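The primary structure of each chain is shown beneath.
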Amino acid sequence: MDFELIDYSEFYYTKILRKEISAKCNGKFVQITNEDTGKEYIVLSPRELSVHHANIVERFMLNRGKGTYNQKKDFFTIHNPEWVVVGGGIWTIDYPNKALNLSGTSQGYGKFDSNGFKKKILTIAKMIGFTIIIDGI
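Caption draft 1: Region of the structure containing the pairing of strand β3 (residues 39–46). Burial analysis of β3 places eight of its eight residues in the buried class, which makes it a mostly covered element. Alternating residues of β3 divide into K39, Y41, V43 and S45 and E40, I42, L44 and P46, and every residue in both groups is buried. As paired strands, strand β1 (residues 3–7) and β3 are joined by five bridges and run parallel to one another. By the bridge assignment, I6 is partnered in β3 with V43. Inspection of the sheet shows strand β2 (residues 24–34) paired to β3 by eight bridges, in the antiparallel sense.

See below:
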């Protein structure tokens, strides 16, 4: 399965806050797959930009498909059946020490599938040399 890591931190820091990205960032993430193409995405978003995992799903789906929020605005349902939210969690990254930590469970979308995550993440050019920690391991 093809894999892509999307990180909204740069957008948040440079476009919204108009400052350099922090050396250490954290937030929520979702794992999304496209069943038609076989592509898998891990989408990171700073906690200040995405209160709910649903906010990340909505932002990711812009120009990719349609969806709607539930009444509480804490769950975004994708209306295109080829897109599947596998799960989500929380993340922290320490750029100086080259460490990415993924853990937790999304209340709305459940636990992410960590099978093969470390290997997939380390195929991304900007992540080479990082230590990937998943659920403390």
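Caption draft 2: Region of the structure containing the sheet that holds β2. Ordered by their spatial adjacency, six strands build an open sheet running β1-β3-β2-β6-β7-β8, and the pairing between neighbours is mixed. Looking at the sheet topology across the chains shown, the edges are occupied by β1 and β8 (131–134). The average angle at which neighbouring strand axes cross in this sheet is 25 degrees, direction not considered. The sheet contacts of helix α2 (residues 53–61) involve β1, β2, β3 and β6 (83–94), and relative to β2 the element is tilted by about 60 degrees.

Caption draft 3: Inspection of the nonpolar core at higher detail. Grouped together as the largest cluster of nonpolar side chains are 37 residues, with contacts concentrated most on F60, L102 and F117. In terms of residues, this core owes the most to one element, α2, which gives five residues.

Caption draft 4: The arrangement of the pattern of salt bridges in detail. The tally for this structure, following the rule as stated, stands at seven salt bridges. Taking the shortest distance from any N to any O, the salt bridge between K120 and E40 comes out at 2.6 Å. Taken together, the residues K120 in helix α3 (residues 117–121) and E40 in strand β3 connect sequence positions 80 residues apart. Ionic pairing is found between D74 and K72, a salt bridge with its closest N-O pair at 3.5 Å. Using a relative accessible area of 24% as the deciding quantity, one classes D74 as partly exposed.

What counts and how
- Residues numbered from 1 in each chain as written.
- Predicted model: local features only at pLDDT ≥ 70, side-chain atom pairs only at ≥ 80, totals over all residues.
- Heavy atoms only, no water.
- Buried < 20%, exposed > 50% of the residue type's maximum accessible area, 1.4 Å probe, protein only.
- Helix = DSSP H or I, 4+ residues; strand = E, 2+ residues; numbered from the N terminus.
- Pairing = 2+ DSSP bridges.
- Axes fitted to C-alpha atoms, helices over the stretch in contact; angles between N-to-C directions.
- Contact = heavy atoms within 4.5 Å.
- Core = buried A, V, L, I, M, F, W, Y, C linked by side-chain atoms within 4.5 Å.
- Salt bridge = Lys/Arg side-chain N within 4 Å of Asp/Glu carboxyl O.

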